[in-house]
Amino acid sequence: MNKKIFSGVQPTGNLHLGNYIGAIKNFVDLQNQEGNECVYCVVDLHAITAKQDPIILKNNIRETTATFLASGIDSKKSIIFNQSLVPAHSEGSWILGCIARMGWLNRMTQFKEKAGKDKEKASVGLYIYPVLMTADILLYDATHVPVGEDQKQHLELSRDIAQKFNLDFNAPNFLRAPEPLIQKNFSRIMSLKDGTNKMSKSDPSDLSRVNLTDHKDQIMNKIKKAKTDNDPLPDDDKNLSQRPEVENLLGIYSSLSGQSLKNSINEFSGKNFSEFKEKLADLGYIDLEDDYCKHAENSFDLESIRNSSLKLAYDSMFGAGKNVISRLLPETIQIHDDDNPGFHGQAPEPIHRNLLEFSELIKTNGNIDCGLATDGDADRIGLYNSRGEFI
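Right, let's walk through the structure included here. Not measured: the values here are computed from a predicted model.

Thresholds, definitions, all that
Residues numbered from 1 in each chain as written. Predicted model: local features only at pLDDT ≥ 70, side-chain atom pairs only at ≥ 80, totals over all residues. Heavy atoms only, no water. Buried < 20%, exposed > 50% of the residue type's maximum accessible area, 1.4 Å probe, protein only. Helix = DSSP H or I, 4+ residues; strand = E, 2+ residues; numbered from the N terminus. Pairing = 2+ DSSP bridges. Arc of directions from axis to C-beta. Salt bridge = Lys/Arg side-chain N within 4 Å of Asp/Glu carboxyl O. Right-handed = clockwise from strand over helix to strand, strands pointing away. Phe/Tyr/Trp six-rings, centres within 6.5 Å; stacked < 30°, edge-to-face > 60°. Lys NZ or Arg CZ within 6 Å of the ring centre and 35° of its normal.

### Thoughts on the pairing of strand S3 (residues 79–82)
The two faces of S3 match: Ile-79 and Phe-81 on one face and Ile-80 and Asn-82 on the other face are all buried. Bridging between strand S2 (residues 36–42) and S3 involves 4 bridges; their strand directions are parallel. What sits directly across from Cys-41, in S3, is Phe-81.

Pasting the structure below:
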């Protein structure tokens, strides 16, 4: 069965081994599987649920894109773009937010964890984050979404919203309920200094994480200093959950080597930590530096990929013919850019659907007289109306 896969990464900057194992390595593997159509998005709208410096955010978007390319994601095989350049994500989020129920969002555990005790001060964006994630997925008619433990609940919500929309408007299969893709031999990557906390760029200690731009000697030093305990490496996984730091290091080794945790335990049973850490450090060195620098420093390369992939992203939406936004956008999409002023594309004709109930709901005319253009300095792309005004 051919799969259409959608996934995204927040442009938080300073990507680390947890990001690589949890998402990017898997993206490359999925891209290279025959029959897969992959859409990979830098989800900058999700990033602004926390306060951002616009200049830093823009640099982080470029850094994340450069990391995608350096890691082996091929812009000729996969669609790579940043979320805010496609207004349909925001539009779809509003429409689907009118379908989602408060009770469903109240059950989302990730909001409770991130908002903490004083959730009254949390942003509304953080609360409705899963609805935007739903729009991201459903716009592209994705069949499968790679998810980790912390996103399973959000994917279930997207399925619930899709099914309710189809039921409310008597349109079976109008929105496709996506299936989860669970990564094999994957462990949630925790801090090298505390096996009970996620590996994070916000940890004040740089020794808590392996950055994707670290040199080999830096990685070796961090792995050597990674916290363990006084007991030898285990013979089985019976009591491994009580040794979080050891479980984390064995999990990292298993993920990078592509083998099961059980096989990793058998490989190092009875051996000392120094031998294990040396092998782990060798696996943990991901040589991205040359490719990363090449892409990060080549503005034209990144802009060219952005423009071509943006066209493909729209084609992907229109080609699906089922998404809730495609009928509201013009058939011809023009993208103007200082680096590429002549770029334009003709989107495929959407499949005709019975949208009577949907049209009644949103009270709008499907033939919007508008297009896409940049706003002056080409830093923003958005919709404009027939009078040339941004809307």
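Let us keep going from here.
### A word on helix H4 (residues 88–97)
Of the residues making up H4, those classed as buried are Ala-88, His-89, Gly-92, Ser-93, Ile-95 and Leu-96. Axial view of H4: buried residues confined to an arc of 170°, hence all on one face.

### Here's the deal with the pattern of salt bridges
Pairing between side chains of opposite charge can happen when their charged atoms approach one another. Tallied over the entire structure, the rule returns 12 salt bridges. Asp-141 is the salt-bridge partner of Arg-176, the closest N and O atoms lying 3.7 Å from each other. Taken together, the residues span a long stretch of sequence, with Arg-176 in the loop between helix H8 (152–168) and strand S5 (179–182) and Asp-141 in the loop between helix H7 (124–139) and strand S4 (144–147) at a distance of 35 residues. Judged by relative accessible area, which is 11%, Asp-141 ranks as buried. Linked through salt bridges whose partners overlap, the residues forming this network are Asp-206, Arg-209, Asp-214 and Lys-222.

### Points about the pairing of S5
In this sheet, S5 lies alongside S4 in parallel orientation, the contact comprising 4 bridges. Each residue of the ladder has a partner; that of Val-147, found in S5, is Ile-182. The handedness of the S4 to S5 crossover, carried by H8, is right-handed.

### As for the packing of aromatic side chains
All chains considered together, the criterion is met by 10 aromatic pairs. Residues Phe-165 and Phe-169 carry aromatic rings whose centres are separated by 4.8 Å and whose planes lie at 55° to one another, so their mutual orientation is tilted. With a centroid separation of 4.9 Å and 75° between ring planes, the pair formed by Phe-268 and Phe-276 is classed as edge-to-face. Taking relative accessible area as the criterion, Phe-268 reaches 1% and is therefore assigned buried. Across the ring face of Tyr-129, the terminal group of Lys-114 is positioned such that the distance to the ring centre comes to 5.6 Å.

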